[in-house]
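Coordinate analysis (summary)
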Amino acid sequence: MTVAVRVPEELSARIPVEQRGAGLERDAVRLLVSRGCEVSHHAFVELPRLLRAGDLLVVNTSPTLAAAVDGRAGHARVVVHFSTRGDDGRWAVELRDPDGKGTTRARTSRPAGLEVRLPGGVRLVLEEPLSARGDRLWWAQVSGAGVLGLLREHGRPIRYSYTERDQPLSVYQTVFALPTADGTGSAEMPSAARPFTARLVAELVSRGVQFAPITLHTGVASAEAHEPPYPERFSVPEASARLINAARAGGGRVVAVGTTAVRAVESAAGPDGVVRAREGWTDLVVTPERGVRVVDGLLTGLHEPEASHLLMLEAIAGRAAIERSYEEALRGLYLWHEFGDLHLILP
């Protein structure tokens, strides 16, 4: 699906909302709500009044990594975006060129065998493309110190050109993020959860809305490339599977916070719609043809109209509803991307 709109540059959220004025918190963003083709405009802090007792929010607990590291390939400066750690210890990476403005641009030359020197004596060698679909991401062998230590010491959050400046890693952590036992996490923030604050979560709980934590470690999804998502590691614990099934049985709505939560839950659902505890890798791409088995609604950011996950939105709400909501978002001057406003899709 391609929504036939162009997002003006001035609608890109360049800094987090809490940096736009004194006294603002993360929840000071706007919320577009769509029920079918009916659209209404709200503040995000109204979310507890838009949900009802018995509804269940599925939230991603994956922490964001400082996944961008400067390096050198021969004499050239490069930036390595570490995406995903494979079962064999290799890492899926994207090599990018610095653009002179503090961000990066796509790199055209990524030959097999290319060696990249990184801080602390770490070396990275490209071995093979991650997918037959393209050569943006490569499997790389890393020698020297461990990658997670490298990221902690020398990494910074991945940043795209529509943002104004580098931000500390804390800006990219959601209120739901938890450290993992092995130190892994997401290359890019599960951004739909960013506007939640502890106060808002407490209000939702007090009104009878429940939370089911899942984990899906997101890989790199570069802004220029509108590809289907690559395989990602996920976990749906037994307790969360039970909560989801109970909510559905009791007439509550299952609302995923972010497309990552949809991917995880739908990967753990059988054809009967029952969710079972599951972990591992998922290559599921949710499309209108496949449909959704579990999720009734979605809370998501506003992203480029060509982005592949719009197929997922269409699977949940239908094409006409998504086209209508995006037209309204543009007309209402909603802000796009990870620091922008939110869109709540309800049945």
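Our subject is the structure that appears above.
Calculation criteria
Residues numbered from 1 in each chain as written. Predicted model: local features only at pLDDT ≥ 70, side-chain atom pairs only at ≥ 80, totals over all residues. Heavy atoms only, no water. Salt bridge = Lys/Arg side-chain N within 4 Å of Asp/Glu carboxyl O. Helix = DSSP H or I, 4+ residues; strand = E, 2+ residues; numbered from the N terminus. Buried < 20%, exposed > 50% of the residue type's maximum accessible area, 1.4 Å probe, protein only. Pairing = 2+ DSSP bridges. Phe/Tyr/Trp six-rings, centres within 6.5 Å; stacked < 30°, edge-to-face > 60°. 1 Å grid on protein atoms, 1.4 Å probe; cavity = no way out; pocket = protein on both sides within 12 Å on 5 of 7 lines; lining within 4 Å. Points joined across faces, edges and corners; volume = space filled by probe spheres on them. Axes fitted to C-alpha atoms, helices over the stretch in contact; angles between N-to-C directions. Contact = heavy atoms within 4.5 Å. Nonpolar A, V, L, I, M, F, W, Y, C, P; charged D, E, K, R; others polar.

With that settled, the discussion passes to the pattern of salt bridges. Close approach of charged atoms lets side chains of opposite charge pair. Counted by the stated rule, this structure contains 24 salt bridges. Residue Glu 323 is joined to Arg 319 by a salt bridge in which the shortest nitrogen-to-oxygen separation is 3.2 Å. Separated by 4 residues within a single helix, Glu 323 and Arg 319 lie in helix H7 (residues 319-331), roughly one turn from each other. A residue is classified by how much of its surface remains accessible, and Glu 323, at 26% relative accessible area, is partly exposed. Classification of Arg 319 as partly exposed rests on a relative accessible area of 40%.

The next thing to look at is the pairing of strand S10 (residues 134-143). Here 3 bridges tie strand S6 (residues 91-98) to S10, and the two strands are oriented antiparallel to one another. Bridged to Val 93 within S10 is Trp 138. Note: strand S9 (residues 122-131) against S10, 7 bridges, orientation antiparallel. Within the sheet, the bridge partner assigned to Val 125 lies in S10 and is Gln 141. Linkage of S9 to S10, two consecutive antiparallel strands, is achieved through a turn of 2 residues.

As a further point, take the packing of aromatic side chains. Under the counting rule described, the total for this entry stands at 7 aromatic pairs. Ring geometry for Phe 44 against Phe 196: centres 5.3 Å apart, planes inclined by 85 degrees, an arrangement best described as edge-to-face. Of this pair, Phe 44 sits in the loop between strand S2 (38-43) and helix H1 (47-50) while Phe 196 sits in the loop between helix H2 (147-154) and helix H3 (198-206), and the two are 152 residues apart along the sequence. Across the pair, Phe 196 and Phe 44 agree in class, each one buried. Seen from their ring centres, Phe 176 and Phe 211 are 5.8 Å apart, and the 40 degrees between their planes marks the pair as tilted.

Gaps left between atoms show up when a probe the size of a water molecule is rolled over them. As a volume, the second largest pocket reaches approximately 280 Å³. Considering the residues around the second largest pocket, the lining is formed by 16 residues, among which Thr 215, His 217, Phe 234, Ser 235 and Glu 279 are closest to the centre. Elements with a minimum of two residues in the lining of the second largest pocket: strand S11 (210-216), strand S12 (232-236) and strand S14 (278-282).

Each strand in a sheet pairs with its neighbour through backbone hydrogen bonds, running either in the same direction (parallel) or in the opposite one (antiparallel). On the basis of which strands lie adjacent, the open sheet formed by 9 strands has the order S2-S1-S16-S15-S13-S3-S11-S12-S14 and mixed pairing. Only two strands of the sheet have a single partner each, and these edge strands are S2 and S14. Averaged over all pairs of adjacent strands, the angle between their axes in this sheet comes to 20 degrees, without regard to strand direction. Here strand S3 (residues 56-60) pairs with S11 via 5 bridges, running parallel. By the bridge assignment for S11, Leu 57 is matched with Phe 211. In the packing of helix H6 (residues 310-317) onto the sheet, the strands contacted are strand S15 (297-301) and strand S16 (342-346), and the crossing angle to S15 comes to about 150 degrees.

Attention now goes to empty space enclosed by the protein. Taken as a whole and assessed by the stated rule, the structure comprises 2 cavities of 30 Å³ or more. Computed from the structure, the largest cavity encloses a volume of approximately 110 Å³. Looking at the largest cavity, the residues that line it are Leu 65, Ser 83, Thr 84, Arg 85, Trp 91, Asp 182, Thr 184, Gly 185, His 217, Thr 218, Arg 233 and Trp 281. Among the elements that take part in the lining of the largest cavity, strand S5 (residues 76-85) stands out by supplying 3 residues, more than any other. Per-class residue counts for the lining of the largest cavity are 3 nonpolar, 6 polar and 3 charged.

All right, on to the pairing of strand S4 (residues 68-73) then. Strand direction decides the pairing type here: S4 and S5, joined by 6 bridges, are antiparallel. When the bridges of S5 are listed, Gly 71 appears paired with Val 78. Connecting S4 to the next strand, S5, in antiparallel fashion are 2 residues, including Gly 74 with a positive phi near 65 degrees.

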